[in-house]
Structures are given as structure tokens and as C-alpha cells.
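# Summary of the model geometry
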Amino acid sequence: MKIFESHTIKEIDNATCEAQNIDSLQLMERAANAVACEIITRFFPTQRIVVIAGPGNNGGDALAVARILYEQGYKKVEVFLFNVIGKLSHDCEEERKKLITMDGIDFTEVKRDFQPPYLSENDVVVDGMFGCGLNKQLQGGFMMLARYINDSGAYVVSIDLPSGLFGEWNADVNRRDVVHADLTLSFQTPKLSFFFSENSDVLGEWKLLDIDLDDSMMKEIPTNYLLVEAKNVRPLLKPRKLFTGKRDYGSVLLFSGSIGMMGAAVLSARACLRSGAGLVTVHSARIGMPVVQTAVPEAMFEPDRNENYITDMGVHHTHQAVVAGPGIGTNDRTVDALEELLKTTKSPLVLDADALNCIARRPQLLTNLPSYTIITPHIGEFDRLFGEHNNSEDRLKKAIEMAKYHNIIIVLKGHYTATVRPTGRVYFNSTGNPGMATAGSGDVLTGVIAAFLAQGYRPEHAATLGVYIHGLAGDMAVKEIGEYGLVSSDIANYCGRAIRAIINRESPLF
Ligand SMILES: NC(=O)C1=CN([C@@H]2O[C@H](COP(=O)(O)OP(=O)(O)OC[C@H]3O[C@@H](n4cnc5c(N)ncnc54)[C@H](OP(=O)(O)O)[C@@H]3O)[C@@H](O)[C@H]2O)[C@@H](O)CC1
Ligand SMILES: [K+]
């Protein structure tokens, strides 16, 4: 699903009106109906609802929502329209006219002084102050109103965006002066700002409402940001053929594990096998042999010369994917071995965890990364590699710059893992849950991505597929085990089921 920038929304609206032969007011009614339906499913008609409308179309939506709720028997609706400069958008003005003809509706038009209504945690506020037309931070009365709403404890439903939050970049915005929604109801496609952790408290739960916007225009408008869903990954998955053997599904070599961290090798190897790789070889410290051979009997083991950590990353056979990182530590000799690997390998590479920490210790190694190498840092590893970042917007911008500069794929892990391709395009992932914030989860992800590389998928597809499947496996496992009890072995064990769910179009994915 494409993520559009706010300034393109008008274009999509206009195309929709033209293609469907409707006017913009009808589209506003459609949007308002969708919002009102959501409110009706959540609150009884006896609920007190305070509707705050701004001067633009976001305010128009809010006025229409108020009218629809009132018509549906919600008699405790109070409406405040902020018309402080005496100029409303055309559709907002039309909605105002419709509303004021309604008998008995509690309507106040604020032109100058404003006495805010009493609000408590028992009330619902519908926030239609500003949406994607916000063009500067909230100031003066609007800022005070946002704070007043936030302090009230009322349940806040924001239309399209919490007022005061920009659709894209908010690094300079003081979140205290933005309306804090409990529920954000946005239209059709998400905004970029939904994917940054700093906005999570402001957005609350967010939901996309289908208002049947014009598909052909949405296909046409270019964007560098996408949200990956089941329908995007399914066409990538190739069916397995009847007359095939394990060699048709590739061989993975995993440089992983060291003394005290052999579990990382086990988890990567297991996830790799559960994601369809034909052959998996673990190269690790000698001490790890009994652990790996017992825990993952399907994997082969290649012992390093060293007892406790890896000192040699020579690739002596043909492998369709090579992984370095999980649990390898950052011993000087391991860094030397990694340097050798980066300079010599011809196989597609995935680098994770300690491999990235090794590079951070010797930053010139970044210039040795073969094109299309996949690196999978979490925030801490990313900052160690590329410098400290104060917020996730700056970090994403840096990831885009670095993916382009080094011609690599950066999988920046987080709640919405962002896979950044060498073109600078960003693919946000839609699967996963907080239970997956657990030791070894990244080792599993590395194994899944490597499995797809080995099976002949292009690196950018292997990364996107791996991230989606890893999250889905976590979502499926959490249903049985719960967020507290979920461990990384569970994620690995569910990878196969996750792939099957996508191929078989199992609900609720489709
Ligand atoms: N396809 C869709 O998604 C659909 C979207 N729809 C809805 O349209 C909404 C977008 O409407 P919109 O373009 O009229 O912008 P909106 O957010 O109402 O604000 C503009 C007004 O605010 C003002 N203003 C701005 N910042 C300000 C500030 N800090 N402080 C004070 N004033 C400020 C600005 O004034 P100006 O500065 O331009 O004079 C202007 O008057 C969208 O969010 C969604 O709800 C649906 O109806 C249909 C389908
Ligand atoms: K809003």
C-alpha cells in the first residue's frame, strides 16, 4: 500500500470526484459517514460527544459527523466551530449551513473569545480542528485548546490526523501542543508520521477507513514510502515444484555463535530451515558443535579452528547465501575474519548483530560491503554504525542516504521495521507485536531472510519477505502463547505456518 504525502491528497480527491462523477461535498459525506459509523460501533447514543471543528475540510468532516450522529439519535452532541478569521473552506461552509438547520443541535461558532466546555474522562471529543492541511504548528488559542483537551482525560477521536500533527515530519513539533488521540481515523492510506515511534502516544490506535478513493490515480502518483501487506508479499512467493531436491532451495552458510552465545546460531539455523532453505551449515566456535548438532539436527556444522569464537570466515564451498553476525562477539580476530569475508565473498550476504558491531569498531569496512548486502540493525546498532540520531525521522533519513550511498539494503528494525532499498524507497512492515521484543528475535529474522536469498529471491525481495514473515510468525505464535511468554524459538517454529498462511490466503490476512 502506498503512503502518500499530504500535498498529494487533494489530487487524489479531485481524481476521485472526476472518475466517480461526484462533487467534493459528496466525498466529504462519505468520509464523515465512515467516521460516524466507527463512533456508533463504539459508543451508545447517550454518550456526550463534544465536536471541535476547524475552518478547513477537516472541520467540514467534523461538522458532518456531528450532524450524522445527531440524526442517529446521539442527542448529547455539542459542536464548536472555530471560525476565528471569518473564512471557512467551501465544503466546511456547506456543512455549517446543513448543521445549523437542525432543530435543537447545540452549536457554537467561535469567532473571538472562547469559553471551553467542561470536559471529563466520561466524555468523547471528536477532533476535527486540522488534518492534512495543517501548514504551521498550533499556536495561541488552538494550542491552548489542544492542551485543554489533553488535560481533560476525555476519550479523543481524531479525524484523519491528531490536530497539530503533520502528515510527515514532526521532529520540531512539541507533542505536548498536539491533540493526543485515543483513536485516529484516517482515510484509505496511512500517513508517513504514523510510522515514527515518537508519534505513537499522539495517534493512539489508528485505523484506516475505506472511502473508495480513485485507484488509478493512486497507482499513478509516485511515492517513496510503502506499507507492506500480505497482498504485496504473496505474489513474490514462488511455488515449490514436484521434481526438485534440496539443492534447488539453496545452501546457507551461517557464521554465528561463540562461547555463551550458541543459542543465536541455533535460532538462525532453525528459522532458516523453517523458511525453506535446502541446506544450512553453521560455522562456529568448536565449543558449539554439540549444541548445534543436538538442537538443530537438520543443520551441518563446520568447526572453527578456535575453541571459543570465530577466527576464520573463509567460504570453501558454493553457498547461495552467507550470513555473518548472530552471537559472534567482537573479538579482534573475529573482526579480521569478517574483513576477509567482506573482501572475498561472491555470495549474497546478510549481516546482523555483532557483525555490525564489528564494523562499527572498524568503520572503514563499510566501504567493503558488496552491493546489495542486507544489513539488519536495530536502533542501537544503526547508531553505532552511522552516528547518534535524536529521533526516528533523522534516523530514517540517514538510512535512506546510506542505503543509496553504499548500494545496500538496510533493514532498520523497530515496531514498523523499515526496509530501505538502494533506490531510497522505504518499505514499512505491517506485521509483528510487542511480544517479539525478546532475546534472539533478530537472529530468527536473519535466518528467514537468508533462507529466501538462498532460494534465489532477489535481495530486496528476500529482505521484505523475511521481515513480513518473521512478524507474521510472531503474530501467529502470540495468539497461542501471549506477548509475555513468547520466545524466539516460537517465532522460528511458526515461520513455516506463516508462509503457508500467506500462500493459502488465510484470513484475517486477506
Ligand atoms: N482523501 C482524503 O483524505 C479526504 C480528506 N478529507 C478531509 O480534508 C482534510 C484536509 O482539508 P484541508 O485541506 O481543507 O485542510 P485542514 O486540515 O482542514 O486545514 C486547512 C485549514 O486550516 C488552516 N490552518 C492550517 N494550519 C493552521 C494552524 N496551525 N493554525 C491555524 N490555522 C491553520 C488553513 O488556513 P490557511 O493558513 O490556509 O489560511 C485552512 O483554513 C483532511 O484532513 C480530511 O479530514 C475529506 O473531507 C475528504 C477525503
Ligand atoms: K484532526
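If you're wondering where the values come from, they're calculated on a predicted model, not measured in any experiment.

Counting its secondary structure elements, the chain contains 17 helices and 17 strands. Seen along its three principal axes, the alpha-carbon backbone of the chain occupies a region of about 85 × 50 × 40 Å. For the chain, buried positions account for 59% of its 510 residues. Here the contacts in the chain between residues at least 6 apart in sequence split such that 73% fall between residues at least 24 apart.

The next subject is the coordination of the potassium ion (ligand 2). Those protein atoms acting as donors to the potassium ion (ligand 2) are Asn58 (OD1), Asp127 (O), Phe130 (O), Ile159 (O), Leu161 (O) and Ser163 (OG), and they sit at 2.5 to 3.1 Å. Considered as a linear motif, the donors of the potassium ion (ligand 2) on their single chain read N-x68-D-x2-F-x28-I-x1-L-x1-S. With asparagine 58 in helix α3 (residues 57–71) and serine 163 in the loop between β5 (155–159) and β6 (183–187), this residue pair connects regions lying 105 residues apart in the sequence.

This structure, assessed with the given rule, holds 1 cavity of 30 Å³ or more. Estimated volume of the largest cavity: approximately 30 Å³. Together, Val228, Thr419, Tyr427, Phe428, Asn429, Thr464, Val467 and Tyr468 line the largest cavity. Looking at the lining of the largest cavity, the elements that each hand over two or more residues are β17 (426–429) and α16 (459–481). Residues that form the lining of the largest cavity fall into these classes: 5 nonpolar, 3 polar and no charged.

Before going further, it helps to spend a moment on the sheet that holds strand β10 (residues 279–284). Read across the sheet, 10 strands follow the order β8-β17-β16-β15-β14-β13-β12-β9-β10-β11 without closing on themselves; strand pairing throughout is mixed. Each edge of the open sheet is held by one strand with a lone partner, namely β8 (225–228) and β11 (300–303). When strand β12 (residues 321–324) meets strand β13 (residues 349–351), the two strands line up parallel, connected through 3 bridges. Bridge pairing links alanine 324 to leucine 351 in β13. Along the sheet, helix α9 (residues 262–274) makes contact with β9 (251–255) and β10, crossing β10 at roughly 170 degrees. Packed onto the sheet, α16 meets β8, β14 (374–375), β15 (409–412), β16 (418–420) and β17 and runs at close to 10 degrees relative to β15.

With 71 residues, the main nonpolar core has Leu338, Leu351 and Phe428 as its most contacted residues. Of the domains in this structure, domain 1 (6–222) and domain 2 (232–236 + 244–503) are the two that each give at least three residues to this core. Not counting residues up to four positions away in its chain, the partners in contact with leucine 351 are Ala324, Leu338, Leu342, Leu356, Ile359, Leu369, Thr373, Ile374, Ile375 and Thr376. In terms of nonpolar packing, the next biggest core, distinct from the first, is built from 58 residues, Phe301, Ile409, Ala450 and Ile499 among them.

Lining the immediate surroundings of ligand 1 are 23 residues, of which Asp13, Asp61, Gly131, Lys136 and Asp160 lie closest. Within the contact set of ligand 1, an oxygen atom lies 2.8 Å away from a side-chain nitrogen or oxygen of lysine 10. More than half of the atoms of ligand 1 fall within 2 Å of the grid points belonging to the largest pocket. Its residues assigned to classes, the shell around ligand 1 comprises 10 nonpolar, 7 polar and 6 charged.

With that settled, the discussion passes to the domain arrangement of the chain. In terms of domain boundaries, the chain breaks down into domain 1 (6–222) and domain 2 (232–236 + 244–503). Centre-to-centre separation of domain 1 and domain 2, based on C-alpha positions: 42 Å. At the junction of the two partners, domain 1 supplies 12 residues and domain 2 supplies 7 residues. When residues of domain 1 are sorted by the area they lose upon contact with domain 2, Trp169, Phe195 and Phe196 head the list and together hold 55% of the total. Applying the counting rule to domain 1 against domain 2 returns 0 salt bridges. The interface formed by domain 1 and domain 2 holds 4 residue pairs in polar contact (both at pLDDT 80 or more) in total.

Let us now look at the sheet that holds β6. Within a sheet, adjacent strands bond to each other through the backbone by hydrogen bonds, running parallel or antiparallel. Taken together, the 7 strands give an open sheet; going across it, the order is β3-β2-β1-β4-β5-β6-β7, and neighbouring strands pair in parallel fashion. Of all strands in the sheet, those bounded by a partner on one side alone are β3 (106–110) and β7 (205–209). For this sheet the average axis-to-axis angle between neighbouring strands, irrespective of direction, equals 15 degrees. With 4 bridges connecting them, strand β4 (residues 124–128) and β5 associate as parallel partners.

Judged by how many residues are buried, β9 sits mostly within the fold: 5 of 5 residues are covered. The side-chain alternation of β9 yields two buried faces, one formed by Ser251, Leu253 and Phe255 and the other by Val252 and Leu254. Where β9 lies against β10, 5 bridges are found, and the strand directions are parallel. Note that in β10 the partner of phenylalanine 255 across the bridge is histidine 283. Crossover handedness for the path β9 to α9 to β10: right-handed. Where β9 meets β12, 4 bridges bridge the pair, whose relative direction is parallel. Bridge assignment links leucine 253 to a residue of β12, and that residue is valine 322.

Conventions used here
- Residues numbered from 1 in each chain as written.
- Chains lettered and ligands numbered in written order.
- Predicted model: local features only at pLDDT ≥ 70, side-chain atom pairs only at ≥ 80, totals over all residues.
- Heavy atoms only, no water.
- Helix = DSSP H or I, 4+ residues; strand = E, 2+ residues; numbered from the N terminus.
- Buried < 20%, exposed > 50% of the residue type's maximum accessible area, 1.4 Å probe, protein only.
- Contact = heavy atoms within 4.5 Å.
- Donors = N, O, S within 2.8 Å, 3.2 Å for Na, K, Ca; no water.
- 1 Å grid on protein atoms, 1.4 Å probe; cavity = no way out; pocket = protein on both sides within 12 Å on 5 of 7 lines; lining within 4 Å.
- Points joined across faces, edges and corners; volume = space filled by probe spheres on them.
- Nonpolar A, V, L, I, M, F, W, Y, C, P; charged D, E, K, R; others polar.
- Pairing = 2+ DSSP bridges.
- Axes fitted to C-alpha atoms, helices over the stretch in contact; angles between N-to-C directions.
- Core = buried A, V, L, I, M, F, W, Y, C linked by side-chain atoms within 4.5 Å.
- Domains from an automatic or database assignment.
- Near = heavy atom within 4 Å.
- Polar contact = N/O pair within 3.5 Å; in protein donor to acceptor, adjacent residues only side chain to side chain.
- Sits in = over half its atoms within 2 Å of the grid points.
- Buried area = accessible area lost by both parts, 1.4 Å probe.
- Salt bridge = Lys/Arg side-chain N within 4 Å of Asp/Glu carboxyl O.
- Right-handed = clockwise from strand over helix to strand, strands pointing away.

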